Amino acid sequence: MIDKVTDVKPVSNSRTRPSGNFIKAVAAVLWKDLTAEFRSRELFSAMLVFSLLIILIFNFALELDIKTRQSVNAGVLWATFAFAGTLGLNRSMAIEKDRGCLDGLLLAPVDRSAIYFGKVLSNLAFMLIVEIIVLPIYSVLYNVNLFLPGLLLVILLGSIGYVGVGTLLAAMSVQTRTRDILLPILLFPVVIPVLLAAVKASSGILAGAELADILLPINLLIAYDVIFIAVAFMVFDSVVEE
Amino acid sequence: MPSKPLTLRILDIVSVIVLGISAYIALFVAPTELVMGDVQRVFYFHIGTAWTALLGFILAAGFSVIYLITKNLLWDRLQVAAIEVSLVFFLITIVLGSIWARPAWNTWWTWDPRLTTAAVTELIYIAYFMLRQGIDDPDRRARFGAVYALIGGLSAPITFFAIRLFRTIHPVVISGSNPEAEGAFSMTPDMRTAFFFALFAFTVVFIDLFWNRIRLGELQDKVEQLKLKVTM
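The model shown is predicted, which means the values in this text are computed figures rather than measured ones.

Student: How should the overall build of chain A be read in this particular structure?
Tutor: A tally of helices and strands in chain A yields nine helices and zero strands. Each helix and strand of chain A, placed in order from N terminus to C terminus, yields the pattern α-α-α-α-α-α-α-α-α. Here chain A has a C-alpha radius of gyration of 19 Å; the compact-globule value for 242 residues is 18 Å, and the two agree. Residues counted as buried form 45% of the 242 residues belonging to chain A.

What follows is the structure, given as structure tokens:
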């Protein structure tokens, strides 16, 4: 898998690298993850089954009859995505650490932030694929139409923020003694703004609100995405350096 | 091993004294609030601890930026000290607030922006210590701690503004008037004295504890180095 990354032409001076190579490096990391996942399908199947189980549990926990459903649909969806998301984030970083792949990646003569963005994109891809499958299943099970353009936009924005911070924190948590159990503890308190705005916007859309009414939470999501991806981009170096 | 500096010893004593005076003013000098009665007196300590805790968290975020740039472990020590003292102060703020909220709002807890943000902030910094505990290498511990303190320090205010999209019932005593706030009141001159003295007292206590904690961090590092020397 690492071969893919070293395909990128080594450039002697990392500071003056043309941006074309940066994008190539990001694409290489993304491609490596997708190929690995396509061959094993470990992560994807685990996330999907886990999501369905969470929905099942919510069904019993909340007694999802028609009346309650209308008010909690958005909440149940986002709780499902958040829990399934940690599974994916943990796994995608743990594979790198376990088989020493992370060291290989770090040896590649590319900017470290390219590795971060590649990882973010692959994690985002897994999360979006799971979400795209969960949505129709949820729609069928609970007889509600979730294929609304506004909702898809909110899911995309929310997932970007979630994965952006999650990838950074997962890179830290796999290097600690407590590993897997630490990620949700680190991640959940700092992604509360994302979940809050996403749930607010989603429930607005499901209740048939106009775009103008949910502009506030959507703007908040965009702001969060921009701020945290910028910060993660700046500090990722300190997280992976040895 | 260097003994405790004289200034710090004096500061220890001074902080105990000002805390005592502040308690005296809050309990005996400040007049009883008309509607809420004596329970309003927790307000002075509530604000005192809240202010110093927030100060500590903001300082910690600043220290983490400086650490990430300079990679000097001194800033890491300052950061841990600030967060640890602030974590305790903020817990006191929440507990005192709850004691006040029970008679004023008729509930121990409500999911108001300030209260929710306070709870989330506590959880962020508890997670911060769990993260640090899982790492043995001091440099890595410092780097990860700085990164997480920075992310947490950015996230907490965003959480606050996010929840603020909804209404709040928390009174704003100092400035601004929220017509929906419950338990708001205006301060008499004596209350003002008690209020500002409490702010002053807790700032002194904070500096004292902060300093002591930094010293503790230095001693811990020294012990670790000595242990390494013995085992080598």
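From this point, the discussion proceeds with the structure in view.
Student: Is there a simple way to think about the packing of helix α7 (residues 149-173) of chain A against helix α8 (residues 182-206) of chain A in this case?
Tutor: When two helices pack together, you describe them by how their axes are tilted relative to each other and by the distance separating the axes. Residues and elements named next belong to chain A. At a minimum axis separation of 9 Å, α7 and α8 run at an interaxial angle of 175°. Between α7 and α8, the angle falls in the class roughly antiparallel. Here α7 contributes G150, L151, V154, G158, G161, Y162, V165, G166, L169, A170 and S173 to the contact with α8, which in turn contributes L182, L183, L186, L187, V190, V191, V194, A198, A201, S202, I205 and L206. Of the residues assigned to the contact of α7 with α8, the class counts are 17 nonpolar, six polar and no charged.

Student: Please clarify how the nonpolar core should be interpreted in this entry.
Tutor: As a rule of thumb, soluble globular proteins bury nonpolar side chains together. One finds V165(A), A82(B), V147(B), A194(B) and A198(B) to be the most contacted residues of the largest nonpolar core, which totals 129 residues. For this core, the element with the most residues is α8(A), which contributes 15 residues. Not counting residues within four places of it along the chain, the set of residues in contact with V165(A) comprises L187(A), V190(A), V191(A), F228(A), A232(A) and I151(B).

Student: Explanation requested: the interface of chain A and chain B in the structure shown.
Tutor: Of the residues lining the interface, 24 residues belong to chain A; the matching set on chain B comes to 24 residues. When residues of the side of chain A that touches chain B are traced back to their parent elements, those giving at least two are α7, α8 and α9 (215-240) of chain A. Each residue belonging to the side of chain A that touches chain B can be placed in one class, and the counts come to 18 nonpolar, four polar and two charged.

Student: Please explain the environment of L87(B) as it appears in this structure.
Tutor: Residues and elements named next belong to chain B. Position of L87 relative to the elements: it lies in helix α3 (residues 73-105). Taking the C-alpha atoms as reference, L87 lies 20 Å from D12; in sequence the two are 75 residues apart. Once residues lying within four places of it in the same chain are set aside, the contact partners of L87 are E122 and Y125.

Student: I keep staring at the packing of helix α4 (residues 66-98) of chain A against helix α6 (residues 112-142) of chain A and nothing clicks. Help me out?
Tutor: All names here are of chain A. Where α4 contacts α6, the axes come no closer than 10 Å and their chain directions differ by 145°. Crossing handedness for the pair α4 and α6: right-handed. Across from R69, L77, T80, F81, A84, G85, G88, L89 and S92 in α4, the residues of α6 making contact are K119, S122, N123, F126, M127, V130, E131, V134, Y138 and Y142. A per-class count over the contact of α4 with α6 returns 10 nonpolar, six polar and three charged.

Student: Please explain unusual backbone geometry as it appears in this structure.
Tutor: Glycine aside, residues mostly have negative phi angles, and peptide bonds mostly take the trans form. Of note in the backbone geometry, N143(A) takes a positive phi value of approximately 55° without being a glycine. Summarising the element assignment, N143(A) is placed in the loop between α6 and α7. Given 9 C-beta atoms within 10 Å, N143(A) falls into the exposed group. Here N106(B), not a glycine, exhibits a phi torsion of approximately 65°, which is positive. In this structure, N106(B) sits in the loop between α3 and α4 (113-133). A tally of 9 C-beta atoms within 10 Å means that N106(B) is categorised as exposed.

Student: Mind showing me how you'd approach helix α1 (residues 6-29) of chain B here?
Tutor: Residues and elements named next belong to chain B. For α1, which comprises 24 residues, the first-to-last C-alpha distance of 33 Å matches the rise-based estimate of 34 Å (1.5 Å per residue) to within 8%. Taken residue by residue, α1 has S15, S22, I25 and A26 as its buried positions. Residues of α1 that are buried sit in contact with α2 (42-70) and α6 (189-231).

Rules of the game
Residues numbered from 1 in each chain as written. Chains lettered and ligands numbered in written order. Predicted model: local features only at pLDDT ≥ 70, side-chain atom pairs only at ≥ 80, totals over all residues. Helix = DSSP H or I, 4+ residues; strand = E, 2+ residues; numbered from the N terminus. Rg over C-alpha atoms; globule rule 2.2 N^0.38 Å. Buried ≥ 20, exposed ≤ 12 C-beta atoms within 10 Å, placed from the backbone. Axes fitted to C-alpha atoms, helices over the stretch in contact; angles between N-to-C directions. Parallel < 35°, antiparallel > 145°, perpendicular 65-115°, else oblique. Contact = placed C-beta atoms within 7 Å. Nonpolar A, V, L, I, M, F, W, Y, C, P; charged D, E, K, R; others polar. Core = buried A, V, L, I, M, F, W, Y, C linked by C-beta atoms within 7 Å. Left-handed = near helix turned anticlockwise from the far one by under 90°. Expected span 1.5 Å × (residues − 1).

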